[in-house]
Every structure is written in C-alpha cells, then in structure tokens.
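# Summary of structural features
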Amino acid sequence: IKGQPKEAEAMIQNLSTFYRTSLSSDPLEDVTLEDEVELQRLYLDIEVVRYPKRLKAVINIDPDLMKAHVPALILQPLVENAIRYGVSQSSRPVTIAIEAARVANTMEISVTDDGEPFDGNGGGNGIGLANVRDRLETRYGPKAKLTTKKRVKGGFIATLTIPLEDQKWQRSGH
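Conventions and cut-offs
Residues numbered from 1 in each chain as written. Predicted model: local features only at pLDDT ≥ 70, side-chain atom pairs only at ≥ 80, totals over all residues. Heavy atoms only, no water. Core = buried A, V, L, I, M, F, W, Y, C linked by side-chain atoms within 4.5 Å. Buried < 20%, exposed > 50% of the residue type's maximum accessible area, 1.4 Å probe, protein only. Helix = DSSP H or I, 4+ residues; strand = E, 2+ residues; numbered from the N terminus. Lys, Arg positive; Asp, Glu negative; His and termini not counted. Salt bridge = Lys/Arg side-chain N within 4 Å of Asp/Glu carboxyl O. Polar contact = N/O pair within 3.5 Å; in protein donor to acceptor, adjacent residues only side chain to side chain. Contact = heavy atoms within 4.5 Å. Pairing = 2+ DSSP bridges.

With that out of the way, let us pick up the nonpolar core. The nonpolar side chains of a soluble globular protein tend to be buried with one another. Counting 37 residues, the largest nonpolar core has L33, L75, L78, M107, I109, L136 and L160 as the members making the most contacts within it. When contributions to this core are tallied by element, the ones reaching two or more residues are α2 (33–50), β2 (55–61), α3 (76–87), β4 (94–103), β5 (106–113), α4 (127–140) and β7 (156–163). In terms of residue count, the dominant contributor to this core is α3 (five residues).

In structure tokens:
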C-alpha cells in the first residue's frame, strides 16, 4: 500500500483493534455473535489489503441472532482457513461468506468460500477444525457440532450448529 497513506492508516488501525480485541478475549468466555462477527469483519478488512483483487467478503446474519452468545474467537479458525485454502491458493476472486440463521432451536453459523476445488484437506493438519470441535463439545456437549464439506464447484463450507434454548437473551423476550 505504498503511496496510499489513508489505506495504510486504516489497515494499521484495523490491525491494532483486531490484535487488541483478540488478545484480550478469553476463549473460555462467551461473546455476542455481533461482537464475534465484528472481529471477523476487522480480520477480513486486513486480509483485503493483502488480497485486494482476490478477496470479497459477505456477511449475512439474521439480526435477531446478533445478541445470541457464542464462544469467543470460535469463528477465527474457520475464517483463517477460508483465507489460507480458498483465497491464497486461487488466482481468481474468491468470496468468503459468514452467515447465520435460526434453524428450529439452534443457530447455524457458516463460513463458506468459493475457492478452487482441492483434494484431501487442502494441505493443512486439521488442528484449527479439531480445536473448534473440542471447544464446542466442552461448552455445549452433544448439543453443538461443526460440520465441514467441500463444495461441488470448489471451495469449502464449515457450519457451526449451536443450541439456542439455554441462551439468556432469549428469556428476555428477543
């Protein structure tokens, strides 16, 4: 971003806010989906500077779910994987979408990319996905899960299913 002082300043501000927030977050605590998505938006804004012609981000969250709680930083490994295996390995534009919707008594949050088709696990060792699964199991037991699959036309989708029935915000009429 040489010769682009405003863009450089904005990226440094985003980076600073992202690091400050992620380092002060306790992964054992819950945060609102709104806060978790905002942190991922900061991260994606930073990555757009690295991949200005290849990364497009779309966030589509049911507004009624924004006050629901999720484990802090639960989406970070999923978004990082989408960048690492979707965007960085492609020479064409790739869209990363973060979406959330209510399905019965659960919230389904997906991180999807439309990157290149790949074989195997994309060259990773699966630690990030295993950590997400372990955190969901520790926090919610069998009520929550992470499902992953390759998309037919390329890319990957990771979906978190998190129970809503014991969420405090629901009892207050939301």
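A few words on unusual backbone geometry. Positioned with a positive phi, L73 is a non-glycine residue whose angle comes to about 65°. Positionally, L73 belongs in the loop between β3 (69–71) and α3. With a phi angle near 55°, A104 is a residue other than glycine that sits in the positive phi range.

On the secondary structure map, D113 appears in strand β5. No salt bridge forms around the buried D113; measuring N to O, its nearest opposite-charge neighbour R151 is 6.3 Å away. Polar side-chain contacts of D113 include one of 2.9 Å to the backbone nitrogen of G115. Leave out the neighbours within four places in its chain, and D113 touches A82, G86, V94, T95, I96, R151, G154, G155 and F156.

When you tally the buried positions in β7, you get six out of eight residues, the bulk of the element. Summarising the sheet, β5 and β7 pair through eight bridges and their orientation is antiparallel. Each bridged residue has a counterpart across the sheet, and for I109 the counterpart in β7 is L160. Between strand β6 (residues 145–150) and β7, which follow one another and run antiparallel, lie five residues, and G154 among them has a positive phi close to 115°.

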